[in-house]
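Chain by chain, the residues run as shown.
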Amino acid sequence: MPRTPYIAANWKMNKTVAEAAEFVDTLLPRISATQHDVVICPPFTALTAVVERRYGTAVKVAAQNMHEEDSGAFTGEVSAPMLVELDVEAVVLGHSERRQFFGETDEALARKVPAALAHDLEPILCVGESEAARDGGETEEVLERQLQADLAGIEAADLSKVVIAYEPIWAIGTGKVATPEQAQEACAYIRDVVRMRGGAADDLRVLYGGSVKPGNAAELLSLPDVDGALVGGAALDAEDFAAIVEAAG
Ligand code: PEP
């Protein structure tokens, strides 16, 4: 069975409730015919506004982070049951901005990914190399290390329930997009690592993320091992994001 394209909008720390509502109201009529998985990742404060507007549509809603425990003394954190109660269906884990600015570790991710699955939240796990690692020829080593660590607690049978986003750090928010060769090679490698772990690699969705725009989306999304995109900057504009959804075919 072909893999359903998966196009996700990571708003990061952008959009008030009013702005989120306006975005969804503009987006929905433009993507009403899509068969793809279209996922919006608002900040926590705008989750409900997006959830309520998307009922009856193909749009799914993802949080941008969560804590691995269900509850407890973790000031400022939000748990999987809290997200599920809001009808959120997915969660971004391990975005490089969380790794870089908030000390997100592979050890924490090894607990967060199973916690998300245990609550039926689809994890969108982000992995990717720094510019120095790419220049040093260490891309595959970094990807394998992150994948093995972050997915350590996941049974082989459940690996393909995780969506993996290949996000080279040097391409995020920089306007510097990976070449089609670089994106294809890295996404194929990610699939190979999951295959080596015994996962149903042909069912796994692997996304590319890093300066995806309406103008470069079609080429990236046509690559055999790129099943979708995680979009930051261009996903703040409903027309641009709709164009990227359309570019997925
Ligand atoms: C992201 O935030 O995951 C991302 C890929 O951002 P941008 O599209 O702006 O590079």
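Preceding this section is the structure that the text describes.
Residues numbered from 1 in each chain as written. Predicted model: local features only at pLDDT ≥ 70, side-chain atom pairs only at ≥ 80, totals over all residues. Heavy atoms only, no water.

Asks: Help me out: how do you make sense of unusual backbone geometry in this one?
Replies: Glycine aside, a negative phi is what most residues show, and trans is what most peptide bonds show. We note that Asp-120 has phi near 65 degrees; this positive angle belongs to a residue other than glycine. Structurally, Asp-120 is set in the loop between α5 (106–118) and β5 (122–127). On the basis of relative accessible area, Asp-120 is assigned to the exposed category, the value being 70%. (Helix = DSSP H or I, 4+ residues; strand = E, 2+ residues; numbered from the N terminus. Buried < 20%, exposed > 50% of the residue type's maximum accessible area, 1.4 Å probe, protein only.)

Asks: Please explain the environment of Met-1 as it appears in this structure.
Replies: Structurally, Met-1 is set in the segment before β1 (6–10). As a C-alpha pair, Met-1 and Phe-241 span 240 residues in sequence and 26 Å in three-dimensional space.

Asks: Can you walk me through empty space enclosed by the protein in this structure?
Replies: Gaps left between atoms show up when a probe the size of a water molecule is rolled over them. Going through the model one piece at a time under the given rule, you end up with three cavities of 30 Å³ or more. Estimates place the volume of the largest cavity at around 120 Å³. The wall of the largest cavity is formed by 15 residues, among which Ile-172, Ser-211, Val-231, Gly-232 and Gly-233 lie closest to the centre. Tallied by class, residues from the lining of the largest cavity come to four nonpolar, eight polar and three charged. Looking at the second largest cavity, its volume works out to about 50 Å³. Gly-94, Ser-96, Arg-99, Cys-126, Val-127, Gly-128, Gln-146, Glu-167, Ile-169 and Ile-172 together form the lining of the second largest cavity. At the level of elements, α4 (96–101) and β5 are the ones that each hand at least two residues to the lining of the second largest cavity. Its residues assigned to classes, the lining of the second largest cavity comprises four nonpolar, four polar and two charged. (1 Å grid on protein atoms, 1.4 Å probe; cavity = no way out; pocket = protein on both sides within 12 Å on 5 of 7 lines; lining within 4 Å. Points joined across faces, edges and corners; volume = space filled by probe spheres on them. Nonpolar A, V, L, I, M, F, W, Y, C, P; charged D, E, K, R; others polar.)

Asks: Teacher, can you tell me more about the pairing of strand β7 (residues 206–209) here?
Replies: Working note: regular strand, side chains alternate between the two faces of the sheet. Alternating residues of β7 divide into Val-206 and Tyr-208 and Leu-207 and Gly-209, and every residue in both groups is buried. Looking at chain direction, strand β6 (residues 163–166) and β7 are connected through three bridges and run parallel. Its bridge partner being in β7, Ile-164 is matched across the sheet by Val-206. Crossover β6 to β7 through helix α8 (residues 180–196) is right-handed. Bridge analysis of β7 against strand β8 (residues 228–231) gives three bridges, and the strand direction is parallel. By the bridge assignment for β8, Leu-207 is matched with Gly-228. (Pairing = 2+ DSSP bridges. Right-handed = clockwise from strand over helix to strand, strands pointing away.)

Asks: What should I look at first to understand helix α1 (residues 17–30) in this one?
Replies: Because each turn of an α-helix spans 3.6 residues, side chains separated by three or four positions end up pointing in the same direction. For α1, which comprises 14 residues, the first-to-last C-alpha distance of 21 Å matches the rise-based estimate of 20 Å (1.5 Å per residue) to within 8%. Those residues of α1 that sit buried are Ala-20, Ala-21, Phe-23, Val-24, Leu-27 and Leu-28. Buried residues in α1, looked at end-on, bunch into an arc of 160 degrees, giving them a common side. Set apart from the buried face of α1 by more than 90 degrees, the exposed residues are Ala-18, Glu-22 and Pro-29. Residues of α1 that are buried in the fold lie against β2 (37–41), α2 (47–54), β3 (59–63) and α10 (238–247). (Expected span 1.5 Å × (residues − 1). Arc of directions from axis to C-beta. Contact = heavy atoms within 4.5 Å.)

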